[in-house]
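Listed below are the residues making up each chain.
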Amino acid sequence: MQQLGLDGSEYYTNMSGLKGKFGSNEFAGELRNVQASKWAFRSVAEGIEHFKEGRHAEAFQCLNKALSIDPRNVEGLVARGALYANSGSFKKAVDDFEAALKINASHANARKYMGETLVALGRSYEEENRLDEAKKAYQDCLNIIPHHEEAQNSLDFLKSKTFNKQIVAPNELELPALVSTCKDMTFKTHCREITKLFATNHHKLIS
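Calculation notes
Numbering of residues starts from 1 in every chain and runs along the sequence as written. Local features in a predicted model are, by the rule used here, given only for residues with pLDDT of at least 70; side-chain atom pairs are given and counted only at 80 or more, and totals for whole chains, interfaces and linings are based on all residues. Excluding hydrogens and water, the side-chain values take into account all heavy atoms of the structure. The numbering of helices and of strands both runs from the N terminus, where a helix is a DSSP run of H or I of at least 4 residues and a strand a run of E of at least 2. With a 1.4 Å probe rolled over the protein chains alone, any residue whose accessible area is under 20% of its type maximum counts as buried; one over 50% counts as exposed, and the rest are partly exposed. Here a residue-residue contact requires only that any non-hydrogen atoms of the pair lie within 4.5 Å. For a helix, the expected span equals 1.5 Å multiplied by the number of residues minus one. Here the arc refers to the directions that run from the helix axis out to each C-beta atom. Interaxial angle, 0 to 180 degrees, is taken between N-to-C directions of lines fitted to C-alpha atoms, where a helix line uses only the stretch in contact. An angle counts as roughly parallel when it lies under 35 degrees, as roughly antiparallel when it exceeds 145, as roughly perpendicular when it falls between 65 and 115, and as oblique in every other case. Should the near helix be turned anticlockwise from the far one by less than a right angle, the crossing is left-handed, and should it be turned clockwise, the crossing is right-handed. Polarity classes work like this: nonpolar for Ala, Val, Leu, Ile, Met, Phe, Trp, Tyr, Cys and Pro, charged for Asp, Glu, Lys and Arg, and polar for all others, with Gly in that last group. Classification of ring pairs uses Phe, Tyr and Trp, with its six-membered ring standing for Trp, and accepts pairs whose centres are within 6.5 Å; under 30 degrees between planes counts as stacked, over 60 as edge-to-face, and the remaining range as tilted. Whenever Lys or Arg places a side-chain nitrogen within 4 Å of a carboxyl oxygen from Asp or Glu, that contact is recorded as a salt bridge. UniProt positions are given in the numbering used here, feature names are shortened, and annotations may be inferred rather than shown by experiment.

Visitor: Is there a simple way to think about the overall build of the chain in this case?
Guide: Counting its secondary structure elements, the chain contains eight helices and zero strands. Counted from the first residue to the last, the chain has its helices and strands arranged as α-α-α-α-α-α-α-α. For the chain, with 207 residues in total, the buried portion stands at 26%. Taking contacts inside the chain between residues at least 6 apart in sequence as the whole, the part at least 24 apart equals 42%.

Visitor: Please clarify how helix α4 (residues 90-103) should be interpreted in this entry.
Guide: Since the α-helix advances by 3.6 residues per turn, residues separated by three or four positions end up pointing in the same direction. Its 14 residues give α4 an end-to-end C-alpha distance of 20 Å, which sits within 8% of 20 Å, the value for a rise of 1.5 Å per residue. Turning to α4, its buried residues are A93, V94, D96, F97, A100 and L101. Within α4, the buried residues cover an arc of 165° as seen down the axis, which keeps them to one side. Those residues of α4 that are buried are in contact with α3 (74-86) and α5 (108-127).

Visitor: Please clarify how α3 should be interpreted in this entry.
Guide: With 13 residues, α3 extends 18 Å from end C-alpha to end C-alpha; this agrees with the ideal 18 Å at 1.5 Å per step. Burial of α3 is extensive: eleven of the 13 residues sit out of reach of the surface. By the burial criterion, the buried members of α3 are V74, G76, L77, V78, A79, R80, G81, A82, L83, Y84 and A85. Just past α3, the residue G88 takes up positive phi, approximately 90°.

Visitor: Is there a simple way to explain the packing of α4 against α5 in this structure?
Guide: Axis angle and axis distance: for two packed helices, these are the angle between their axes and the distance between the axes, and together they describe the pair. With their axes 9 Å apart at the nearest point, α4 and α5 run at an angle of 155° to one another. Comparing their axes, α5 and α4 come out roughly antiparallel. Relative to α5, the crossing made by α4 is left-handed. The segment α4 lies against α5, with F90, K91, A93, V94, F97, E98, A100 and L101 engaging A110, R111, Y113, M114, T117, L118, A120, L121, S124 and Y125. Partitioning the contact of α4 with α5 into residue classes produces 13 nonpolar, two polar and three charged.

Visitor: Is there a simple way to explain the packing of aromatic side chains in this structure?
Guide: Each aromatic ring pair is summarised here by two numbers: the centre-to-centre distance and the angle between the ring planes. Tallied over the full model, the rule gives two aromatic pairs. Ring geometry for F60 and Y84: centres 5.0 Å apart, planes at 50°, overall tilted. Linking F60 in helix α2 (residues 56-69) with Y84 in helix α3, this pair joins segments that are 24 residues apart in sequence. Seen in terms of ring centroids, F97 and Y113 are 6.1 Å apart; in terms of plane orientation they differ by 50°. Their pairing is tilted. Here F97 is found in helix α4, whereas its partner Y113 is found in helix α5, with 16 residues between them in sequence. Overall, F97 belongs to the buried group, its relative accessible area being 1%.

Visitor: What should I look at first to understand the pattern of salt bridges in this one?
Guide: One side chain can pair with another of opposite charge once the charged atoms of both are near each other. One pass over the structure, following the stated rule, counts seven salt bridges. Put simply, R130 and E133 hold a salt bridge, and the shortest N to O gap is 2.7 Å. Salt-bridge contacts for K135 lead to D132; the nearest nitrogen and oxygen are separated by 3.7 Å. Of the two residues, K135 and D132 are both situated in helix α6 (residues 131-144); the distance of three residues between them amounts to about one turn of the helix. Residue classification places D132 among the exposed residues on the basis of a relative accessible area of 59%. What you see here is one network of salt bridges that share partners, running through R123, E126 and E150.

Visitor: Please clarify how the UniProt feature "repeat: TPR" (unreviewed entry) in the chain should be interpreted in this entry.
Guide: The UniProt record marks residues 40-73, 74-107 and 115-148 with the feature "repeat: TPR" (unreviewed entry), using the residue numbering of this structure. Between the end C-alpha atoms of residues 115-148 there is a gap of 8 Å, over a span that is 79% helix and 0% strand.

Visitor: It is not clear to me how the side chain of D96 should be interpreted in this structure. Could you clarify?
Guide: With respect to the secondary-structure elements, D96 resides in helix α4. Using a relative accessible area of 6% as the deciding quantity, one classes D96 as buried.

Put into structure tokens, the structure is as follows:
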């Protein structure tokens, strides 16, 4: 090195990305991240096995552990979202699928499960007569899966149902005050006619 006029204490490389010294903290941090990712995937795998066997409590425990280690673990988010969906917690499932899609927008299962969960959420809103929220759920599904037949049919049905909804039922079209007024006017008219007739006859008798 000295014969070449180079300082032996320095690092030399033609790769600009590798120039300079790497501190022990950088190596340690990277190793910790790699190790954490491995632990997270291991917990995800265990959680999925519990899920398949119907042990939902154990599955949740493993998946929550995985995501506490690595919150950006897409497979963990998708698996927990599926578990939430199957347990009827549709909103929590949607939150997990959304988080997964923010990290990996092309994740096939995340998109598929998200669509199915939004349809299920829409159905639950319909049962509660929360039609505006149901329509939004179906539309959100179509935003992700544009040709989702069930979501489209459900949305079309709700739109037509809302459009054809009667604001006032025909049997409610009664106007008691107006009817009463008409009767009063008829009575008053009769009274005036009787009064006129009486006055005319009385005048004739006097004459």
